[in-house]
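Observations on chain architecture
Below, each chain spelled out in residue letters.
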Amino acid sequence: MASRILLVEDDATIGTVLTSSLHGHGYDVTWERTGACALARATTNAIDLVLLDLGLPDLEGTEVCRRLRRAQPGCVIVILTARSAEMDVVVGLDSGADDYLVKPVRLAELQARLRAHLRRNEAGATAPEVRRLGDLVIDARRRRVTVAGQELHLRPKEFDLLDRLAAEPDVALRRETLMSDVWDAHWFGSTKTLDVHVAALRRRVAETAAAAGAEVPRIVTIRGHGYRLELGDSGPPHTPP
Ligand code: CA
């Protein structure tokens, strides 16, 4: 069955070009011009992936993103934005998006990213393993992470990144390896999205671990190389307020 894509874009020219390109690649595409129409569509129809323009005429794009995520927890959300400032990226990812593309979007890159996202989303449903690292448990099959039994709610890419790091604990993994394994096998260009996800992941794990008094591995930055998930001493002791 063709993957179902919801395109949310108010610009007629961009919408026409993207719809035509997506149809050409065999996707089942629905194009909505406003946030309200997109949300109405998402509450009644199953969707595999949303391409969401941030600058919409009726609602703030990040708010549309948050509501889409609630309506369709399993779908992939890729933000299309003309704004490349880092804060916009962070806000976009915190609102539940999996990825973003800065306009003008190159169609070849768009198609490559969509293929990678949709393939990974399908593969995630059949992964068998449960990994235990101290009080951190990653259940790849259920896509659940717990810290001392308490569930940690991660964005899809944060989960993939943690699962990838946990697959080789205490090994220094190159930035390019993480980008290609977690995002796209044919990744090229900026790895900024990796740092954004690592920062979010560290924050979420640390908050839950501190609340539970749990022992969890740390994500250590290796300058000029990448990241390593480190077991053992989890750094300076947590001081309760
Ligand atoms: Ca727009």
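Description of the structure in this document. (Residues numbered from 1 in each chain as written. Predicted model: local features only at pLDDT ≥ 70, side-chain atom pairs only at ≥ 80, totals over all residues. Heavy atoms only, no water.)

A closer look at empty space enclosed by the protein
As a reminder of what qualifies: With a 1 Å grid spanning the protein atoms alone, the term cavity applies to any set of points in which a 1.4 Å probe fits but cannot get out, the term pocket to an open set with protein on both sides within 12 Å along at least five of seven lines, and the term lining residue to any residue with an atom within 4 Å of a point. Grid points are joined across faces, edges and corners, and a volume is the space filled by probe spheres set on the points. Helix numbers and strand numbers start at the N terminus; a helix is a DSSP run of H or I with at least 4 residues, a strand a run of E with at least 2. Residues were grouped as follows: Ala, Val, Leu, Ile, Met, Phe, Trp, Tyr, Cys and Pro as nonpolar; Asp, Glu, Lys and Arg as charged; and all remaining residues, including Gly, as polar. Either an automatic procedure or a domain database provided the assignment from which the domain bounds are taken.
A complete count under the given rule lists 2 cavities of 30 Å³ or more for this structure. Within this model, the largest cavity holds a volume of roughly 90 Å³. Lining the largest cavity we find Val 76, Asp 98, His 117, Arg 120, Asn 121, Arg 143, Pro 156, Lys 157 and Asp 160. Only helix H5 (107-124) and helix H6 (156-167) provide two or more residues apiece to the lining of the largest cavity. Considered class by class, the residues forming the lining of the largest cavity number 2 nonpolar, 2 polar and 5 charged. Per-domain counts for the lining of the largest cavity show at least three residues from each of domain 1 (4-124) and domain 2 (128-230).

Points about the pattern of salt bridges
Going by this rule: The working definition used for a salt bridge is a side-chain nitrogen of Lys or Arg within 4 Å of a carboxyl oxygen of Asp or Glu. Three labels apply to residues, based on accessible area from a 1.4 Å probe with only protein chains included: buried if under 20% of the type maximum, exposed if over 50%, partly exposed otherwise in between.
If you walk through the whole model with that rule in mind, you get 22 salt bridges. Between Lys 103 and Asp 53 there is a salt bridge, with the nearest N and O atoms lying 3.0 Å from each other. Within this pair, whereas Lys 103 is found in the loop between strand S5 (99-102) and H5, its partner Asp 53 is found in strand S3 (residues 49-53), the two being separated by 50 residues in sequence. The exposure class of Asp 53 is buried, given its relative accessible area of 5%. Where Arg 228 meets Glu 230, a salt bridge forms, and the shortest distance between an N and an O atom there is 2.5 Å. Residue classification places Arg 228 among the partly exposed positions, given a relative accessible area of 23%. Because the salt bridges share partners, they merge into one network encompassing Asp 99, Arg 106, Glu 109 and Arg 113.

A few points about the pairing of strand S11 (residues 218-222)
We count it as follows: In this analysis, strands are considered paired if DSSP registers two or more bridges between them.
In terms of strand pairing, S11 meets strand S12 (residues 226-230) through 5 bridges, oriented antiparallel. In the strand pairing of S12, Thr 221 is matched with Tyr 227. The turn linking S11 back onto S12 is made up of 3 residues, and Gly 224 within it adopts a positive phi angle of 75°.

A look at the pairing of S12
Summarising burial for S12: 4 of the 5 residues are buried, a large majority. Pairing analysis gives 2 bridges linking strand S10 (residues 173-174) to S12, with the strands arranged antiparallel. Bridged to Arg 174 within S12 is Gly 226.

Here we look at the environment of Leu 68
The test is simple: For this analysis, residues touch if any pair of their heavy atoms sits within 4.5 Å.
With respect to the helices, strands and loops of the structure, Leu 68 is situated in helix H3 (residues 61-71). Judged by relative accessible area, which is 0%, Leu 68 ranks as buried. The spatial distance from the C-alpha of Leu 68 to the C-alpha of Ala 42 is 6.7 Å, given a sequence separation of 26 residues. The contact partners of Leu 68, leaving out residues within four places of it in the chain, are Leu 6, Ala 38, Leu 39, Ala 42, Val 50, Leu 52 and Ile 77.

What about the sheet that holds strand S9 (residues 150-152)?
As a reminder, the rule being used: Lines fitted to C-alpha atoms define the axes here, with helix axes fitted over just the stretch in contact, and angles between the N-to-C directions of these axes take values from 0 to 180 degrees.
Spatially, 4 strands are ordered S6-S7-S8-S9 in an open sheet, and the strand pairing comes out antiparallel. Here the strands that pair on one side only, and so sit at the sheet edges, are strand S6 (130-133) and S9. Neighbouring strand axes in the sheet, compared pairwise and without regard to direction, differ in orientation by 25° on average. In this structure, S6 lies alongside strand S7 (residues 136-139), joined through 4 bridges in antiparallel fashion. Residue Leu 133 lies in a different strand from S7, and its bridge partner there is Leu 136. Running over the sheet, H6 touches S6, S7 and strand S8 (144-147) and is turned about 110° from S7.

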